[in-house]
Amino acid sequence: MARTNAIGLTKADYKGAPTTLCQGCGHNSILSQIIAALFEMNVRPEDVVKFSGIGCSSKAPTYMLSRSFGFNGLHGRMPALATGALVADITLKGIGMSGDGDTASIGMGHFKHVLRRNLPLVYIVANNGVYGLTKGQFAPTAEKGLTLKRHGTNPYMPVDVCMEALAGGATFVARSFAGDPKQLKALIKAAFHHNGLAVIDVVSPCVTFNNEPSAHYSYGWARDHEAPLHRLDFIPPEEEILLDKPMEPGERRVIRLHDGSVVVLEQVDRDYDPTDRFAAMRALEESYRREVLLTGLLYIETEGRENLFQVLNLPEDKPLNRMTQEELRPAASVLEEINAKDMFHGADVRVNGR
Amino acid sequence: MALKPAPEPASAPAAREVVNDFSITVATINGTGSQTSNLTILRALFRMGIPVSGKNIFPSNIQGLPTWYTIRVNKHGFLARRDEHEIVIAMNPATVHDDMNKVVPGGVFLYADHIRPQGLREDVIAYSMPVNRLARESGAPPRLRDYVANMVYVGVLAYLLGIDLEAIRAALDFHFRGKAKAVELNDSVVRAAFRWAEEHLEKRDPYRVAPMEATQGLILSDGNTAAALGALFGGVQFVSWYPITPSTDLAETLEHYLRRYRVRPDGKHTFAVIQAEDELAAINMAIGAGWAGLRAMTATSGPGLSLMTEAIGLAYYAEVPVVVWDVQRVGPSTGLPTRTQQGDILFIHFASHGDTEHILLFPANINEAFEFGWRAFDIAERLQAPVFVMSDLDLGMNHWMGQPFAYPDQDMDRGKVLWEEDLERWEQEKGVPWGRYLDVDGDGIPYRTVMGNRRPGASYFTRGTGHDEYARYTEDPEVWHRMVHRIKKKYRLGRKYLPRPVEDGPGTEVGIIAYGTTDAAMPEARYLLEHKGIATDYLRIRALPFHDEVGDFLARHRAVYVVEANRDGQMAMLLRMHYPQWATRIHSVARTDGLPLTATFIADSIAGQEG
Ligand SMILES: Cc1ncc(C[n+]2csc(CCOP(=O)(O)OP(=O)(O)O)c2C)c(N)n1
Ligand code: SF4
Ligand SMILES: [Mg+2]
């Protein structure tokens, strides 16, 4: 018998269609961690809705959560698509899956604006430095100097998805690595409980087009250069915080999310405050100079910012998409009032007697 | 409020009187507040019972460039734009000579005395007005002087034409929503100017207005307001949009009304309006919302639609209901952003790559703008398809007479949506497991579930890539062929949900086809043609794809003239394509110059082709 979680589901209940991505593709590992995270958090797949753009990464949602609704939309437009849809039922949790081309190139505009709006959405960028689906062109996140067999050497500076997210006012910014499943899973869990937009930029190697060990998005380089900010643990609201070993003060930070769940950050080599946006930007800048892959929860803002649903003043007692004619069509008397007061009228014979 | 009979002009009227049949054009500078004065004249005439229309010919500019406002007064109700200007009011020094030259011989040229042109025309009746002096004497604070200066011509014109001062007062009351100070100030300027004219002007022209009863029970509105109200009563739930003339007011007015009438007592909204980052986002948001079961719409114009085309194909093929208002302006490119055209017909009908064919609705007046405003949602949800409402700048931004808006006479049609409790019953009834794109009813319309439906088996994965009846990815040639033909069937059979054409005529051998705002010129054009000995039948298309009546109309007439405001005769092309057997009898009467078509142009073109 397969193991079941607290709501009686097995891991298989979180699976999707068999993957058609290349064997070893980082995107597959991301899917496994999403599935594991939701299974462990006892989330009903029916309470989740998936969105994506176009790319190998954007195909990925097909291969998980077949019991969830999903919409694989247009290249770069996932944030907009998800915005319109999620407004319809705010009891659902959205997961958006995108690529580095999808987000940082054709969809950069929507990415920046969905950050401003703080749409409650787990926004995963499966970042491999190339356009996988169109066969390996440079993506905007590729490092300067990356050499690919068919495309020569990249002469341009890369876009850093996390830096853009920070500058754009994101309330949750994390970076992880498909080859670091434990950290990735914890970040997915935390993102799921974040009350707003949560960006996770995941280095997700493309084994077919960009996996030479010297390339920054390769498994080899990422493994050798990963520099985690902290060890991460996520504790759901219903569980007591039990720390496996006693700690010295300053060795760990406890971040409480809006629903009572907790993220525990255990110090690795120095104390890092993920509630300081400046510190996050500085840490990223330093990581460029040190040529390391900085991973972990870069930034989180747990209070003070309204999410899009709050800004729009949406009802919490009933999803918009279940409202009926009685709730949506104003009464005939309203139209009479508008006709009478807001419109200018022609000759009035009753008054004129004409 | 009682309307007094119009005051008699001080001097004896000229021998040849022209009553309630002329056009007034006001030439001003954009951004000087003349719109208030122009609307005041329009409304006052309307309140006097006289049929009127107002056309704002304005530049793409916020302040400083010339702008014209033309009011047509016509006792027969012929309200299309005309090329002739009987009365020109000149307030703009930059255009004063051109403006004077617009006046028909024997017409009136009324100008502000500080912009007196060099050499007044001999063949027009010129009056000058001491605009600045009267504005100064009005007691208005200096910053308001430009605005009240425009009220001077209202007062002088009221004297010359006999416009009822009480009707003007009513128009000001309406405009300033009863703000007493503003009403008083403007009204006092109008009255002062009227008195000045009474004392100083000797009326030498033949033009006059007289009260009628032709507008009783009618309202004045612009099409964008009508459309917004239609959407409100259509139960719109989601609006995403990006500002662009001439559609901006539609979205802004809609949000205004939603905030007024769709907020629950607990302060929560039953709608969401998002001003998107661009039209790509606007349409993709609306598609997301439509997919998720909301009545979703966007409003835009040609440039926005150009950006939206990829998403339109997605909505077509993934079968997502969404309503798109195209308030057309002149293209291609930025074109003439503040002028009107019916130029997007072919583009929108076939928008997107691959095999598509879209539903277009053509409102011709404010009442149809309102009706299609709510009906478009019913059609979109019934047919699970994008629906385009093809308004234009002329309808959207100008003031039109119409009936008070009529409450929808049908319940909202949410189409084939299955919720938790519906699914089980459905599967028992139909005897098959539910599949998103299964055509079980034979009408090409499948059943859909929407996100939030928690019943196991209710979910599906939507994609713009090839999919089968169960929404599963496939590249199978047979399945692709089957799916796109099933969609085609849905559109063919779905025509019954679209507004049918409107027909009129005695049953002659010459037919006219028009659509949208060109309808406004049609009664007059047909009247002119009749006087030239050409009796006509008329069919007005209100939707694409064509209803069968359109083919029947072509079959019944020796010659059919298709009237439209674009260069190449786009609807004529579509008709020839759909009805090759009648192609040689279809003649195009098309013109685009940024202005609404005139009846004279239409009648002359048809008479010319009839030879
Ligand atoms: C409008 C549009 N332009 C171009 C394409 C072709 N295209 C498909 S996927 C892709 C790049 C995807 O790259 P990325 O988002 O990095 O995803 P990956 O495949 O690397 O996971 C492109 C350019 C498209 N589908 N649509
Ligand atoms: S091409 Fe690259 S990104 Fe695409 S599936 Fe293969 S490994 Fe993954
Ligand atoms: Mg990529």
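None of the values given here were measured: they were computed from a predicted structure.

Enquirer: For this particular structure, what's the right way to read the overall build of chain B?
Expert: Scanning chain B from terminus to terminus reveals 19 helices and 23 strands. Projected onto its principal axes, the C-alpha positions of chain B cover 85 × 65 × 40 Å. Per-residue burial over chain B gives 64% buried out of 611 residues. Within chain B, counting contacts between residues at least 6 apart in sequence, those at least 24 apart form 75% of the total. In the form shown here, chain B has an accessible surface area of approximately 21700 Å², with 51% of it arising from carbon and sulfur atoms. Mean positive and mean negative side-chain charge positions of chain B (64 and 75 charges, respectively) differ by 3 Å.

Enquirer: What should I look at first to understand the pattern of salt bridges in this one?
Expert: Note that side chains of opposite charge can pair when their charged atoms are close. The full count for this structure, using the stated rule, is 64 salt bridges over all chains. The partner of R175(A) in a salt bridge is D201(A), and the shortest N-O contact between them spans 2.9 Å. One end of the pair, R175(A), is in strand β9 (residues 172-177); the other, D201(A), is in strand β10 (residues 197-203), and 26 residues separate them in sequence. Each member of the pair, R175(A) as well as D201(A), carries the same accessibility label: buried. Measuring nitrogen to oxygen at the nearest pair gives 4.0 Å for the salt bridge that ties R270(A) to E286(A). In this pair, R270(A) is assigned in the loop between β14 (262-267) and α9 (277-290) and E286(A) in helix α9, connecting sequence segments 16 residues apart. For E286(A), a relative accessible area of 27% corresponds to the partly exposed category. Several salt bridges converge on common partners, so that one network encompasses E166(B), R169(B), E184(B), D187(B) and R191(B).

Enquirer: When you look at the side chain of T32(B) in this model, what are you seeing that I'm missing?
Expert: Residues and elements named next belong to chain B. Within the secondary structure, T32 is located in the loop between β2 (21-29) and α1 (34-47). Of the polar contacts made by the side chain of T32, one reaches the backbone oxygen of I29; its length is 2.7 Å. Once residues within four sequence positions are removed from consideration, T32 is found in contact with D146, Y147 and N150.

Enquirer: Explain the site of ligand 1 here, please?
Expert: Not every one of the 18 residues close to ligand 1 is listed here, only the nearest: C56(A), S57(A), D100(A), D102(A) and G132(A). More than a single chain frames ligand 1: its nearby residues are located in chains A and B. D100(A) is positioned such that a nitrogen or oxygen atom in its side chain is 2.3 Å from an oxygen atom of ligand 1. The backbone of G101(A) places a nitrogen or oxygen atom 2.9 Å from an oxygen atom of ligand 1. Expressed as a share of its isolated accessible area of 590 Å², the protein-covered part of ligand 1 is 77%. Counting only elements with at least two residues in the shell around ligand 1, the list comes to α2 (56-59), α4 (100-106) and β5 (130-131) of chain A.

Enquirer: Sorry if this is basic, but what is going on with helix α5 (residues 165-175) of chain B here?
Expert: Each full turn of the α-helix corresponds to 3.6 residues, which orients residues three or four apart in the same direction. L165(B), A167(B), I168(B), A170(B), A171(B), L172(B) and F174(B) are the residues of α5(B) that are buried. Looking at the packing, one finds that the buried side of α5(B) touches α12 (332-341) and β16 (344-345) of chain A together with α1, α4 (145-161) and α6 (180-200) of chain B. N-capping of α5(B) is provided by D164(B), with a side-chain oxygen placed 2.8 Å from the backbone N of E166(B).

Enquirer: When you look at the coordination of the magnesium ion (ligand 3) in this model, what are you seeing that I'm missing?
Expert: For a metal with four donors in a tetrahedral arrangement, the ideal angle between donors is 109.5 degrees, while six donors in an octahedron ideally sit at 90 or 180 degrees. Residues and elements named next belong to chain A. Surrounding the magnesium ion (ligand 3) are the protein donor atoms D100 (OD), N128 (OD1) and V130 (O), at 2.0 to 2.1 Å. Each donor residue of the magnesium ion (ligand 3) belongs to the same chain, with the gaps between them written as D-x27-N-x1-V. Of the two residues, D100 sits in helix α4 while V130 sits in strand β5, which places them 30 residues apart along the sequence. When its relative accessible area of 1% is taken as the criterion, V130 is described as buried.

Enquirer: Help me understand the interface of chain A and chain B, please; the structure alone is not making it clear to me.
Expert: Where interface size is given, it is often the accessible area lost as the parts come together that is meant. Each side of the interface is counted separately: chain A has 67 residues, and chain B has 89 residues. Both sides of the chain A and chain B interface together cover about 6600 Å² of buried area, and 60% of this is carbon and sulfur. The interface formed by chain A and chain B contains six salt bridges. Between R260(B) and D342(A) there is a salt bridge, with its nearest N and O atoms 3.3 Å apart. Where chain A meets chain B, there are 34 residue pairs in polar contact (both at pLDDT 80 or more). Among the secondary structure elements, those contributing two or more residues to the side of chain A that touches chain B are β1 (48-52), β2 (69-72), α3 (78-86), α5 (108-117), α11 (325-328), α12, β16 and α13 (349-352) of chain A. The dominant element in the side of chain A that touches chain B, judged by the number of residues it contributes, is α12(A), at seven residues.

Enquirer: Could you clarify how one ought to interpret the domain arrangement of chain B in this entry?
Expert: Residue and element names in this part refer to chain B. In terms of domain boundaries, chain B breaks down into domain 1 (18-208), domain 2 (221-402), domain 3 (420-497) and domain 4 (502-610). Centre-to-centre separation of domain 1 and domain 4, based on C-alpha positions: 36 Å. By the criterion of area lost to domain 4, the three top residues of domain 1 are F78, A80 and R81, representing 67% of everything that side buries. Between E524 and R72 there is a salt bridge; the shortest N-O distance is 2.8 Å. Split into classes, the residues belonging to the side of domain 1 that touches domain 4 amount to three nonpolar, no polar and five charged.

Enquirer: Could you clarify how one ought to interpret the nonpolar core in this entry?
Expert: For soluble globular proteins, the rule of thumb is that nonpolar side chains tend to be buried together. In terms of nonpolar packing, the biggest core is built from 110 residues, with F51(A), V87(A), W291(B), M571(B) and L575(B) touching the most fellow members. Examining the composition of this core, we find that eight residues originate from one element, helix α9 (residues 279-291) of chain B, more than from any other. For L575(B), the contacting residues outside a window of four places in its chain are I513(B), F546(B), V550(B), L554(B), V562(B) and I586(B). Among the nonpolar cores identified, the runner-up in size contains 77 residues, and L42(B), A140(B), V152(B) and F176(B) belong to it.

Enquirer: Any chance you could explain the sheet that holds strand β12 (residues 230-235) of chain A here in plain terms?
Expert: The strands that make up a sheet pair up through hydrogen bonds in the backbone, lying either parallel or antiparallel. Residue and element names in this part refer to chain A. Spatial strand order, β12-β14-β13: three strands in an open sheet with antiparallel pairing. Unpaired on one side and paired on the other, β12 and β13 (252-256) mark the two borders of the sheet. Shown here is a sheet whose adjacent strand axes are inclined to one another by a mean of 20°, direction ignored. Of the pairings in the sheet, the one linking β12 to β14 comprises six bridges and is antiparallel in character. For R231, the partnering residue across the bridge sits in β14 and is E266.

Enquirer: Help me out: how do you make sense of the site of ligand 2 in this one?
Expert: Around ligand 2, the neighbouring residues are L21(A), C22(A), C25(A), H27(A), C56(A), N128(A), C206(A), V207(A), T208(A) and F209(A). Class assignment for the residues of the shell around ligand 2 results in seven nonpolar, three polar and no charged.

Enquirer: Would you explain helix α1 (residues 26-40) of chain A in this entry?
Expert: Residue and element names in this part refer to chain A. For α1, built from 15 residues, the straight-helix expectation of 21 Å at 1.5 Å per residue is met to within 8% by its first-to-last C-alpha distance of 21 Å. In terms of burial, α1 is largely enclosed, as twelve of its 15 residues are buried. Every buried residue of α1 is accounted for by G26, H27, N28, I30, L31, Q33, I34, I35, A36, A37, L38 and F39. The positive-phi residue at the C-terminal boundary of α1 is N42, with phi of around 60°.

Enquirer: Can you help me understand the confidence of the model for chain A in this one?
Expert: Predicted coordinates in areas of low pLDDT are best not read in detail. Taken residue by residue, chain A gives an average pLDDT of 95. The fraction at 70 or more is 95%. Counted against residues more than four places away or in other chains, residues 350-354 of chain A, with its pLDDT under 50, gives twelve contacts.

Enquirer: Even after reading the chapter, I still don't get the sheet that holds strand β14 (residues 359-361) of chain B, so can you show me in this structure?
Expert: Residue and element names in this part refer to chain B. Spatially, the seven strands line up as an open sheet ordered β11-β10-β12-β13-β15-β14-β21, and their pairing is mixed. In the strand order of this sheet, the two ends are held by β11 (272-275) and β21 (543-544), each with one partner. Pairing analysis gives two bridges linking β14 to β21, with the strands arranged antiparallel. Note that in β21 the partner of L360 across the bridge is L544.

Enquirer: Honestly, the environment of G24(A) in this entry has me stumped. Any pointers?
Expert: Residue and element names in this part refer to chain A. With respect to the helices and strands, the residue G24 is situated in the segment before α1. Note: C-alpha distance between G24 and Y219 (195 residues apart in sequence) is 9.9 Å. Residue contacts for G24: discarding those within four places in its chain leaves P205, V207 and Y219.

Enquirer: Even after reading the chapter, I still don't get the packing of aromatic side chains, so can you show me in this structure?
Expert: Two descriptors summarise a pair of aromatic rings, namely the distance from one centre to the other and the angle between the planes of the rings. Under the criterion given, the structure shown has 23 aromatic pairs over all chains. Look at W434(B) and Y460(B): their rings are 5.9 Å apart centre to centre, the planes differ by 70°, and that puts the pair in the edge-to-face class. Of this pair, W434(B) sits in the loop between α14 (420-430) and β17 (461-463) while Y460(B) sits in the loop between α14 and β17, placing them 26 residues apart in sequence. In this structure, W434(B) and Y460(B) share a single accessibility class: buried. Taken together, the aromatic side chains of F51(A), F69(A), F71(A), W291(B), W434(B) and Y460(B) make up a single cluster linked through ring pairs. Above the face of the W374(B) ring, R329(A) is positioned so that its terminal group lies 5.7 Å from the ring centre. Above the plane of the ring of W400(B) lies K55(B), whose end atom (NZ or CZ) is 4.4 Å from the centre.

What counts as what
- Residues numbered from 1 in each chain as written.
- Chains lettered and ligands numbered in written order.
- Predicted model: local features only at pLDDT ≥ 70, side-chain atom pairs only at ≥ 80, totals over all residues.
- Heavy atoms only, no water.
- Helix = DSSP H or I, 4+ residues; strand = E, 2+ residues; numbered from the N terminus.
- Buried < 20%, exposed > 50% of the residue type's maximum accessible area, 1.4 Å probe, protein only.
- Contact = heavy atoms within 4.5 Å.
- Areas by Shrake-Rupley, 256 points an atom, 1.4 Å probe, with all protein chains shown as cover.
- Lys, Arg positive; Asp, Glu negative; His and termini not counted.
- Charge placed at Lys NZ, Arg CZ, Asp CG, Glu CD.
- Salt bridge = Lys/Arg side-chain N within 4 Å of Asp/Glu carboxyl O.
- Polar contact = N/O pair within 3.5 Å; in protein donor to acceptor, adjacent residues only side chain to side chain.
- Near = heavy atom within 4 Å.
- Donors = N, O, S within 2.8 Å, 3.2 Å for Na, K, Ca; no water.
- Buried area = accessible area lost by both parts, 1.4 Å probe.
- Domains from an automatic or database assignment.
- Nonpolar A, V, L, I, M, F, W, Y, C, P; charged D, E, K, R; others polar.
- Core = buried A, V, L, I, M, F, W, Y, C linked by side-chain atoms within 4.5 Å.
- Pairing = 2+ DSSP bridges.
- Axes fitted to C-alpha atoms, helices over the stretch in contact; angles between N-to-C directions.
- Expected span 1.5 Å × (residues − 1).
- pLDDT = per-residue confidence, 0-100.
- Phe/Tyr/Trp six-rings, centres within 6.5 Å; stacked < 30°, edge-to-face > 60°.
- Lys NZ or Arg CZ within 6 Å of the ring centre and 35° of its normal.

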